[in-house]
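# Coordinate inspection notes
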Amino acid sequence: MNEDLKLEDIVSLAKRRGFIYQGSDVYGGLSGTWDYGPLGVSLKRNIMNLWWRMFVDERDDMYGVDAAILMNQKVWQASGHVDTFTDPLVECSNCKGRFRADKLDDPNKCPTCGKEGTFGEPIQFNMMFQTVVGPNFKSVKGENYDKIKADVKFISKSGNSTNVVVPETDQLDAAMFFSKSATSYLRPETAQGIFTNYKNVVDNFYPDLPFGIAQQGKAFRNEISPRDFVFRSREFEQMEIEYFVHPEKWEEAFEHWVEKCKEWFNALGLPADKVHELEVPEDDRAHYSKRTIDFEFDYPIGREELMGLAYRTDFDLMNIQDNAKKSMEYQVKGTNEKFVPHVIEPSFGVERALMAVLVSAYREDEQNGEKRIYLALPEHLAPVKYAVSPLLKNKPELVEKAREVYKKLAKENPGRVMWDDNGNIGKRYRRQDEIGTPYCVVIDFETIEGDGTVTVRSRDTTEQIRKSVDQI
Ligand code: ATP
């Protein structure tokens, strides 16, 4: 791992080589959103598929679900998100910049205009994106409009972050007001879609305790200050497990997941000395948690949270039981013992994992007197495993043979073989090094005129050896 690495090096490589672009870039971007290009999609999928294989497919105590992103608003009222999923927001009275109070380097100094003492008291800003389900609006026209507009302004001033539309101009003679009962939210975590399906899985599959339910998918948070590339985005991807346990056995399950998380970091190729366990003190824990470990990683932006592991007690299932008036009890098979299980939750963020993978893989060295950048990605994560080239692209006999080799490898490694005949061979190697391709396969005159072997060049050592195509 490169100790002098800057975040800009990663951002620039990601853009230059087609991993990650700013969201809506052609229109000036949309803050906190990122688009994955062809190689980014592959890397992200490889990470997510590895997770699913390790934590769902290769275990017999795990069940997968894929719940809807839009959920009944009662989910978020019962879970506490409507009331408490907030970050403290301060506004600078001089430049009107808005910041997350607990993330300011100097709580008294505006990071934009540099003035001191311009922040008022923080307000609690709810990070959920509200939306409306169905055509549930009332349209108001004419003389009622001014009165209602004034009322709406009043609501907004009180700091209530509802989604009421305040028309910008009096030219509008109609305003739309959405019915409260139609409110929904873009989910801020995938966990609730697991809890709401707990009973379905228990009733359909009769799992023994402990067992887990896993889900991967998008989550949305209206972060006050999205920053540090994909690290703090407004739309991101989570991979979460709710692991249901007997209330008296939560400690052993917690330790089990500490070990499993470490195996996961290892599979991602993260150096063990760059990952740190932070035992979160009670005052800093989420209200539902009796124990939390944040796994932190040494990013170029400093040591920051990579993922979290929390003991959520029976908080969520009891909330559902109380609010939905449906029993969440689990009956131990062959006994009369019944209880609401407790939960250990490992919560993984895909973007932060992907960023840690890129940071861990980024290398610079010198080859033939020139600086070289390469990504030493683990082979199972690299978007491209083999790049296949004819030595010269204007020699039909080389191209034909190279196409043949390409087809064979592509069939054996679907989606992981790239045809690359752009530029000279040196340029191709540099490009493939930068995207982390472990092997470049080159078809040259010896292939067609000699013993049929091809050159296989290794990314990390740049060593070239000759192999028959069957040996690759
Ligand atoms: P932070 O304190 O950094 O805001 P958090 O403690 O609120 O994070 P959790 O609610 O525990 O985060 O979410 C679980 C995981 O989801 C995090 O460990 C992280 O990997 C990921 N995550 C959370 N918020 C974001 C975000 N805005 N952008 C990217 N990933 C995120």
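Criteria and thresholds
Residues numbered from 1 in each chain as written. Predicted model: local features only at pLDDT ≥ 70, side-chain atom pairs only at ≥ 80, totals over all residues. Domains from an automatic or database assignment. Pairing = 2+ DSSP bridges. Helix = DSSP H or I, 4+ residues; strand = E, 2+ residues; numbered from the N terminus. Axes fitted to C-alpha atoms, helices over the stretch in contact; angles between N-to-C directions. Contact = placed C-beta atoms within 7 Å. Near = placed C-beta within 6 Å. Nonpolar A, V, L, I, M, F, W, Y, C, P; charged D, E, K, R; others polar.

Moving on to the domain arrangement of the protein chain. Along its sequence, the protein chain is organised into domain 1 (42–70 + 187–360), domain 2 (81–184) and domain 3 (384–471). One C-alpha centre belongs to domain 1, the other to domain 3; they are set 41 Å apart.

Bringing the sheet that holds strand 6 (residues 123–126) into the picture now. The three strands lie next to each other as 5-4-6, forming an open sheet whose pairing is antiparallel. Every interior strand has two partners, whereas the edge strands, strand 5 (98–100) and strand 6, have only one. Shown here is a sheet whose adjacent strand axes are inclined to one another by a mean of 45 degrees, direction ignored.

This part takes up the sheet that holds strand 3 (residues 62–64). Pairing within the open sheet is mixed, and its seven strands lie in the order 3-11-12-18-15-14-13. The open sheet has two free edges, formed respectively by strand 3 and strand 13 (275–279), since each of these has just one partner strand. Neighbour to neighbour, the strand axes of the sheet diverge by 25 degrees on average, direction disregarded. Bridge count between strand 3 and strand 11 (residues 211–220): three bridges; the pairing is parallel. Bridge pairing in strand 11 links tyrosine 63 to isoleucine 213. The sheet contacts of helix 8 (residues 250–267) involve strand 12 (235–245), strand 13, strand 14 (291–299), strand 15 (302–313) and strand 18 (342–349), and relative to strand 18 the element is tilted by about 15 degrees.

As a structural note, the neighbourhood of the ligand is formed by 13 residues, with Phe236, Gly308, Ser347, Gly349 and Arg352 the closest of them. Counting residues per element, the ones that place at least two in the shell around the ligand are strand 12, strand 15, strand 18 and helix 10 (350–361). No other element matches the three residues that strand 15 contributes to the shell around the ligand. Here the residues of the shell around the ligand sort into two nonpolar, five polar and six charged.

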